[in-house]
Amino acid sequence: MEDGGPRIRRRVSVRKRNRGSIESLCVAPAPAELRPSEDLEDEGAAGRRRRKTGSPEPAQENDSEEDMFNDYDSFTENSFLAQVEDLEQKYTQLPEHRELVTDSAIKGLCSESMENKLPVFAVNSSTDPETNQHIKNQSAADGPTGPEPDSDLLFDVPSSQILYFERIQNSSNDLGDQSAKERDRNSHKSPNEEPAFSHQELPQPNDDLSEARASSETSRRKSIADHLKSAMAGNATAQTPVFSRSKHLKETLLSEEISVARKAMESPSDDLGPFYSLPSKVRDLYAQLKGIKKLYDWQHTCLTLSSVQKRKNLIYSLPTSGGKTLVAEILMLQELLCRQKDVLMILPYVAIVQEKIASLSSFGVELGFFVEEYAGSKGKFPPTKRREKRSLYIATIEKGHSLVNALIETGRISSLGLVVVDELHMIGEGSRGAILEMTLAKVLYTSKTTQIIGMSATLNNVQDLQEFLKAEYYTSQFRPVELKEYLKVNDTIYEVDSGAENGMTFSRLLNYKYSDALKKMDPDHLVALVTEVIPNYSCLVFCPSKKNCENVAEMLCKFLSKDFLNHREKEKSEVIKNLRDMGNGKVCPVLKRTVPFGVAYHHSGLTSDERKLLEEAYSTGVLCLLTCTSTLAAGVNLPARRVILRAPYVAREFLRRNQYKQMIGRAGRAGIDTVGESILLLQEKDKQQVLELINGPLENCYSHLVEELTRGIQTLFLSLISLKIATSLGDLYQFMNGTFFGVQQKILLKEKSLWEITVESLSYLTEKGLLQRDSCGALEEAQCCFHITKLGHASFKGAIDLAYCDILYRDLKKGLEGLVLESLLHLVYLTTPYDLAAQSEPDWMVYFRQFSQLSPAEQNVAALLGVSESFIGKKASGQAIRKKVDKNIVNRLYLSFVLYSLLKETNVWSVSEKFNMPRGHVQSLLTGAASFSSSVLHFCEELEEFWVYRALLVELTKKLTYCVKAELIPLMEVTGVLEGRAKQLYSAGYKTIMHLANANPDVLVRTIEHLSRRQAKQIVSSAKMLLHEKAQTLQEEAEELLKLPADLPGLGASDTEKV
Ligand SMILES: Nc1ncnc2c1ncn2[C@@H]1O[C@H](COP(=O)(O)OP(=O)(O)OP(=O)(O)O)[C@@H](O)[C@H]1O
Ligand SMILES: [Mg+2]
């Protein structure tokens, strides 16, 4: 990247001079790794043994989708460390070289003097004749065909690593001789070069000396601990002895680079070091993984704003595809690597969280931080406390809120250095907006050191948000790829033109020869519009409803030329085959007809496996057209050359400008397309309204905190009191003043004061038995405190919608009187989400059929709930019913029949057929039930009387979460592995996370059907990340167990020292 140019050039010259020594570095072990060869052997053998016997951890979570974009080559091919690894592998594959490594290892270990080890790392040419001789012999023996060190390697060594080699040499050559150190360091500089990191000089001599001694002592102690750790971690931390060495080398190099970067950041100078206060390796990774070689000007400006440097809160807004993510990612990496704080990134949907996990796992693996998923039912509360590495939590809005609650509860909120919110405008959208608002308000209130950054493409009333977040604002109109907006009315296409009188200018007339039949079937000329771009370019057609998506896809295929069938024919038939495999032999008839033309529909009626497959096929160009609903615009990142909006409606509602902007924003994405265009089809009658929409301002976003009563302000108060963030009326009022609602209160609810709203909500919670007011005595009203009741605490812990918490309590209580455990039905009923039941309408014939097939015990469940066969029978035959039956219970029981069948059959397709319910809906019911089941579990954990449910619900939650054969569960823990893929991997012999983490992506591509190289790499790096995370957690647990308790009776201070 361009910034820091002179420094980069200077470093290249340093690299050239030091070339030879790096070669020796690459073939010799690192000092820290030097140990007897048996150790290495043992560890490898132990690792292998563990691999064989290791049983997978019980899985907990499910449901994922893969990253669809960032289709660039992985770091494993290009990075410096990967090359070191390759080279090392090449050498160690040869038996002679194994000897060389172990010889020098033993020698290094036995040697008293550091000098013997140093030449291995020295930047100047190696002084170890034996090592050099080995290298020479090696080359000679290999002859022309033997592996040679990569001669270009040197040019890829990041500058800070050169610095590191220098420092290693300096500190080791003579621990006390600072002047020698200085000399040595300066000897690498040309006369007119400035020191590379002049602002981060090494410590003063004396400090340095003691520090060096202390650090040598610490490292001696640490090495014992490390040894213990690595023995415990076994296979989890070391694949083979070879990998173990390079892993260690990697970590040491990087940590040194980071410490250099950290010092750069702490220094008062404006120098941002090699790459925005980050190690140069980050810059290299962006180039290698994402193909980003230079920051856009605005990105540079934004990152160097003085407010950003001072870590002030920030909101920034740019058009879609403006490159907002990169700025946030750089700031996140600064926080993780240089400030050593955890980071929370909040994204709107599960699919996007998973996309981000897949794309950032490689950064985590390379740079040494954890990437943790908090979406769907994944995520640990409170998060595991990490001692050595920091965590990047990537979360949905709901999970982000729970995470912040858990951090506050455990007194760890200040460990969170940064919260990033993508699509900040979502703060104005319903109950999810209210949750986002609560999360941010809590962070603002409880942690003054946590920085908040929000970004969006569609913000209007930024001042309100700025006031709420106390944030600076940055905006620009930059869009790397021009987006041309068109409107189509009848046969005419107009270009949107803000300069024109009515906001549009004539562009062209459509002149297609349509047959009468075609005209009738396609009055909007969709066939003509799409064939202008497909099959060579991609096209998205947004439709108002799901059914319309399917109809449009079918209609288009009826009229597309047969030539379309030939385009990537083989790959399309693979897609069909894959769809059939996923459906256990069944393919959706619509897709069966449209996919051969390169066309598919995309909406929530598809299973997540199908969606993912179609997205992948679209992003690789096998499919060229998707008909989709508006959710795709805000969901996964699927770009297009042309975006067509079939009508200015979403369902029956007129399109909003924010939605319009999001949808057209899919066209012309940077790095994928060079141009982009959107066409909105409209009828004459809608013209005026559309022109207002196109030319008007973006909609304002407004707080939903108070509007969403039970899922807004009431939930907020319950949690504030439970977490003891604010317990008195005065403090709660104060808190409300600091919310987004507080800022907008005068616009939103003129008739009531904030004080009245606060008092009202508290009274409601008290009446409901969730709060209790302490006796105030002579205190002023504002000082009156509240405390949470057991029911209130359980509802808070279970994140239960307060509208349902008392019904849930009653249902569970009643269940205690006669829980039927002969089948799972009764338990499933208790964890079927109330809100879904309220929205559903049973198919009474199906209901009756299913009812009559119940076993006597299951019929007993229905009887206990008050639902009789005769009632269902009457409903099915359309007879009038006089007896009053609770509709909510009847509907809920129907949904539990669906879930119960799913648990028995583990086949979404057959259940979907049996219940005449779209397969996507069956799947979302399952996801909802899994999540509610875990909520009910947390609810029960807080209430003594429900102890009996706890063990039962742990198991049930697991069953609902995966709902697959048990053997697939470990594989599905890996982000991006869904059921279909898990089945393939399992039958190919990849049965555990360890298998996946150690898999070779090339082999995976060869052995697993329909798996692209990019997907294979992402699966491997996500598995590596997960494995690493698990291993680290175990290590830390083990260390915790082995620690001497500080309060051990009879243990004096001197004893502690001895231990
Ligand atoms: N400096 C850059 N050089 C080249 N490509 C870039 C650069 N910055 C970002 N990109 C690429 O541009 C594309 C769009 O970026 P990004 O997803 O950050 O957009 P966005 O502003 O978040 O848009 P949206 O509002 O639609 O989410 C991505 O593929 C990203 O890799
Ligand atoms: Mg974005």
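Structural data are supplied above this passage.
A short tour of the structure in this document, coming up. (Residues numbered from 1 in each chain as written. Chains lettered and ligands numbered in written order. Predicted model: local features only at pLDDT ≥ 70, side-chain atom pairs only at ≥ 80, totals over all residues. Heavy atoms only, no water.)

A word on the overall build of the protein chain. Scanning the protein chain from terminus to terminus reveals 49 helices and 19 strands. Sorting the 1059 residues of the protein chain into buried and exposed places 56% on the buried side. Counting every atom, the protein chain has about 45,300 Å² of accessible surface; 51% of that belongs to carbon and sulfur. (Helix = DSSP H or I, 4+ residues; strand = E, 2+ residues; numbered from the N terminus. Buried < 20%, exposed > 50% of the residue type's maximum accessible area, 1.4 Å probe, protein only. Areas by Shrake-Rupley, 256 points an atom, 1.4 Å probe, with all protein chains shown as cover.)

Right, let's get into the packing of helix α15 (residues 324–338) against helix α16 (residues 350–367). Interhelical geometry of α15 versus α16 gives an angle of 35° and a closest axis separation of 13 Å. Seen along the crossing, α15 lies across α16 with a hand that is right-handed. Across from Thr 325, Glu 329, Met 332, Leu 333 and Leu 337 in α15, the residues of α16 making contact are Lys 356, Leu 360, Phe 363 and Leu 367. Looking at the contact of α15 with α16, its residues break down into six nonpolar, one polar and two charged. (Axes fitted to C-alpha atoms, helices over the stretch in contact; angles between N-to-C directions. Left-handed = near helix turned anticlockwise from the far one by under 90°. Contact = heavy atoms within 4.5 Å. Nonpolar A, V, L, I, M, F, W, Y, C, P; charged D, E, K, R; others polar.)

Pairing in this open sheet of eight strands is mixed, and the strands run β10-β9-β8-β17-β14-β11-β13-β12 from one edge to the other. The open sheet is flanked by β10 (504–509) and β12 (599–602), the only strands paired with a single partner. The sheet shows a mean angle of 25° between the axes of neighbouring strands, taken without regard to direction. Both strand β9 (residues 492–496) and β10 contribute to a ladder of five bridges, which runs antiparallel. Paired with Glu 495 across the strands is Thr 505, a residue of β10. (Pairing = 2+ DSSP bridges.)

Our focus in this paragraph is the environment of Ser 507. Turning to its location among the elements, Ser 507 is positioned in strand β10. Under the relative-accessibility criterion, Ser 507 is labelled partly exposed at 30%. In sequence terms Ser 507 and Tyr 486 are 21 residues apart; their C-alpha atoms lie 8.3 Å from each other.

Here we come to the site of ligand 1. Among the 18 residues in the neighbourhood of ligand 1, the closest are listed as Lys 294, Ser 321, Lys 324, Thr 325 and Arg 669. Contacts to ligand 1 include Gly 323, whose backbone N or O atom sits 3.0 Å from an oxygen atom. Arg 669 places a side-chain nitrogen or oxygen 2.8 Å from an oxygen atom of ligand 1. Contact with the protein chains covers 86% of the free accessible surface of ligand 1, which is 630 Å². (Near = heavy atom within 4 Å. Polar contact = N/O pair within 3.5 Å; in protein donor to acceptor, adjacent residues only side chain to side chain.)

Here the focus is the pattern of salt bridges. Across all of its chains, the model carries 41 salt bridges by this definition. Arg 508 is paired through a salt bridge with Glu 532; the nearest N and O atoms lie 2.9 Å apart. Here the residue Arg 508 occupies a position in strand β10, and Glu 532 occupies one in the loop between α21 (526–531) and β11 (539–542), the gap between them amounting to 24 residues. A relative accessible area of 28% places Arg 508 in the partly exposed class. Residue Glu 1009 pairs with Lys 577 through a salt bridge whose shortest N-O separation is 3.0 Å. Pair noted here: Glu 1009 is in the loop between α47 (1001–1007) and α48 (1013–1042) and Lys 577 is in helix α23 (residues 569–582), with a separation of 432 residues, a long-range link. Each of Arg 508, Glu 532, Arg 642 and Glu 677 takes part in one network of salt bridges that share partners. (Salt bridge = Lys/Arg side-chain N within 4 Å of Asp/Glu carboxyl O.)

Time to look at unusual backbone geometry. Between Phe 381 and the following residue, Pro 382, the backbone shows a cis peptide bond with an omega angle of -10°. Turning to its location among the elements, Pro 382 is positioned in the loop between β3 (370–374) and β4 (391–395). Here Ile 534 and Pro 535 are connected by a cis peptide whose omega angle stands at 5°. Mapped onto the elements, Pro 535 comes out in the loop between α21 and β11. The phi torsion at Ser 321 lies on the positive side, around 65°, for a residue other than glycine. Mapped onto the elements, Ser 321 comes out in the loop between β1 (313–317) and α15. With a phi close to 55°, Gln 340 is a non-glycine residue in the positive phi region.

With respect to the helices and strands, the residue Glu 708 is situated in the loop between α28 (687–695) and α29 (713–722). The exposure class assigned to Glu 708 is buried, which follows from its relative accessible area of 16%. Spatially, the C-alpha atoms of Glu 708 and Gly 430 are 7.0 Å apart, while their sequence positions differ by 278 residues. Glu 708 has contacts with Gly 430, Ser 431, Ala 434 and Ile 713, leaving out every residue within four places of it along the chain. A distance of 3.4 Å separates a polar atom in the side chain of Glu 708 from the backbone nitrogen of Ser 431.

Turning our attention to the nonpolar core. Ranked by internal contacts, the top residues of the largest apolar core, which has 119 residues, are Leu 440 and Tyr 847. Not counting residues up to four positions away in its chain, the partners in contact with Tyr 847 are Pro 842, Val 867, Ile 872, Val 890, Leu 893, Tyr 894 and Phe 897. Counting 80 residues, the second largest nonpolar core, distinct from the first, contains Ile 493, Val 496, Leu 526 and Phe 654. (Core = buried A, V, L, I, M, F, W, Y, C linked by side-chain atoms within 4.5 Å.)

Residue placement: Ser 361 occurs in helix α16. We classify Ser 361 as buried; its relative accessible area is 1%. Setting aside residues up to four positions removed in sequence, Ser 361 forms contacts with Val 371, Ser 1021, Ser 1022 and Met 1025.

A separate point is helix α33 (residues 790–797). The complete set of buried residues in α33 reads Leu 791, Gly 792, Ala 794, Ser 795 and Phe 796. Packed against the buried residues of α33 are α17 (397–409), α29, β19 (786–788), α34 (805–817) and α42 (919–941). Positive phi shows up at Ala 799, right after α33, with a value of about 50°.

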